[in-house]
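This is what each chain is made of:
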Amino acid sequence: MILQYNLQFFAKDGPGGEKTEPATEKKLRDARKEGQVAKSREVANGLGILCLFLILKFYVGTMGTRFWEMFHTSYNSIPETLTFWGGNMPQSEIRLLFNELLAGILLIIAPVLLIGFVVAFLADVMQAKWKVTGKPLKPKFSKLNPIKGFKKIFSANALVELLKSVAKIGVLVYIAYSYLQDKGTLLFSLYDMPLMQAIALAGETVTDLGIRIAAVYMLIALADYIYQKFKFSQDMRMTKQEIKDEFKQAEGDPQIKGRIRQKMREASQRRMMQDLPRADVVITNPTHYAVAIQYDPDVADAPLVLAKGADHLAARIKEIARENHIEIVENKPLARMLYANVDVGQMVPPELYQAVAEVLAFVYKLQGKI
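Residues numbered from 1 in each chain as written. Predicted model: local features only at pLDDT ≥ 70, side-chain atom pairs only at ≥ 80, totals over all residues. Heavy atoms only, no water.

Let's shift gears to the overall build of the protein. From N to C terminus, the protein includes twelve helices and four strands. Each of the 370 residues in the protein was classed as buried or not, and the buried ones make up 27%. Sequence-distant contacts, at least 24 apart, represent 73% of the contacts inside the protein between residues at least 6 apart. (Helix = DSSP H or I, 4+ residues; strand = E, 2+ residues; numbered from the N terminus. Buried < 20%, exposed > 50% of the residue type's maximum accessible area, 1.4 Å probe, protein only. Contact = heavy atoms within 4.5 Å.)

Encoded structure:
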């Protein structure tokens, strides 16, 4: 008993073999349409944190002043209202005051929110360029597969993400601890400072620490971006069979294209054989090449090649020529030159006029036309 094995199924990545080939442009375009790009979330997070603390450093004073003025104005309006209404503030007045406070807060923090949005948007555009797609938002029932979920939890990628998170937290905690340790004496004196001075010192400490953390975070983000690019490149790799299948889809099956070309050659040969009886002469090698020539001043200014062929096709051309009483003339150099340089349906080039004219003159003399 003979057992047949499909060794392809023992390959590392299953049918098709191991994924050793770089991704093609088509696969990268298709992946981009699906929303799969090399992108690090840490870049957007790092830029967002850095911009946030830079804004706070230069804008926090203005924010504090505007918050204080808004609180002072709102607080001063409450006693007048309470006195006017006999100690009870109507619900409509409370709602109006709340809306004014909410609008004021939004106006104060609007620049921070706007800059944060712009920074996050630019961070994604810089990494993956501008490409809008809604496919990642479409529900996929395959994501509900519990087996695939467990595989993701215990995958190598999950382990890398865990180690990255632990390292990131450790680095940031160390930076915060070393910075605050140097500021320890100054921070312990906050209780002895006036309120506004203490608030200013606390704000300066927080913003300076935040900028330091964000700067280090950007280095982490850069390393993560390089890793994500490498990982994406590895994930997109293809097997040799996948590249062959893609080529077949894009260019067509080579076997089918070969059959189409064969059919076209056969159709061309049939038309060539149909035109052959109109030839004036067939010039031969004599065994390897045969070229049929027609000269009709009403059709073309120079002699035309009606048919040509080598070996078996040359023998067939000579056979049809005999059946139609067409003269066959042996001229080895001329036959080779015509076969190699003139396609069927084309006129003889000027450099061969004289040689072809001599053959035609010989044929016409035999036929008594001259």
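The next thing to look at is the packing of aromatic side chains. Applying the stated criterion to the full structure yields one aromatic pair. Ring geometry for Tyr 289 versus Tyr 339: centroids 4.7 Å apart, planes at 35°, classification tilted. One end of the pair, Tyr 289, is in strand β2 (residues 289–294); the other, Tyr 339, is in helix α11 (residues 332–341), with 50 residues separating them in the sequence. For Tyr 339, a relative accessible area of 28% puts it in the partly exposed group. If you follow Lys 308 out to its NZ or CZ, it ends over the ring of Tyr 339, 5.1 Å from the centre. (Phe/Tyr/Trp six-rings, centres within 6.5 Å; stacked < 30°, edge-to-face > 60°. Lys NZ or Arg CZ within 6 Å of the ring centre and 35° of its normal.)

Right, let's get into the pairing of β2. Of all six residues making up β2, five are buried, and the element is well covered by its neighbours. Relative to β2, strand β1 (residues 281–284) runs antiparallel, the two sharing four bridges. Counterpart to Thr 284 in the pairing with β2 is Ala 290. Count of turn residues in the β1/β2 antiparallel hairpin: four residues. (Pairing = 2+ DSSP bridges.)

The biggest cluster of nonpolar side chains holds 17 residues, and the ones touching the most others in it are Val 281, Ile 283, Ile 293, Leu 334, Leu 338 and Val 356. Elements supplying a minimum of two residues to this core: β1, β2, α11 and α12 (353–367). The biggest single contributor to this core is α12, with five residues. When near neighbours in sequence (up to four residues on either side) are disregarded, Val 281 contacts Val 291, Ala 292, Ile 293, Ile 326, Glu 327, Val 329, Val 359, Leu 360 and Val 363. In terms of nonpolar packing, the next biggest core, distinct from the first, is built from 15 residues, Leu 276, Ala 279, Ala 292 and Ile 317 among them. (Core = buried A, V, L, I, M, F, W, Y, C linked by side-chain atoms within 4.5 Å.)

Moving on: the sheet that holds β2. One open sheet holds the four strands; their spatial order is β3-β2-β1-β4, and the pairing between them is mixed. Unpaired on one side and paired on the other, β3 (304–310) and β4 (327–330) mark the two borders of the sheet. Between one strand axis and the next, the sheet turns by 20° as a mean value, whatever way the strands run. Across the sheet, α11 lies against β1, β2, β3 and β4, angled at about 80° from β2, the strand it touches most. This element, α12, spans β1, β2 and β4 of the sheet and lies at about 135° to β4. (Axes fitted to C-alpha atoms, helices over the stretch in contact; angles between N-to-C directions.)

Any link to function would need more than the numbers given here.
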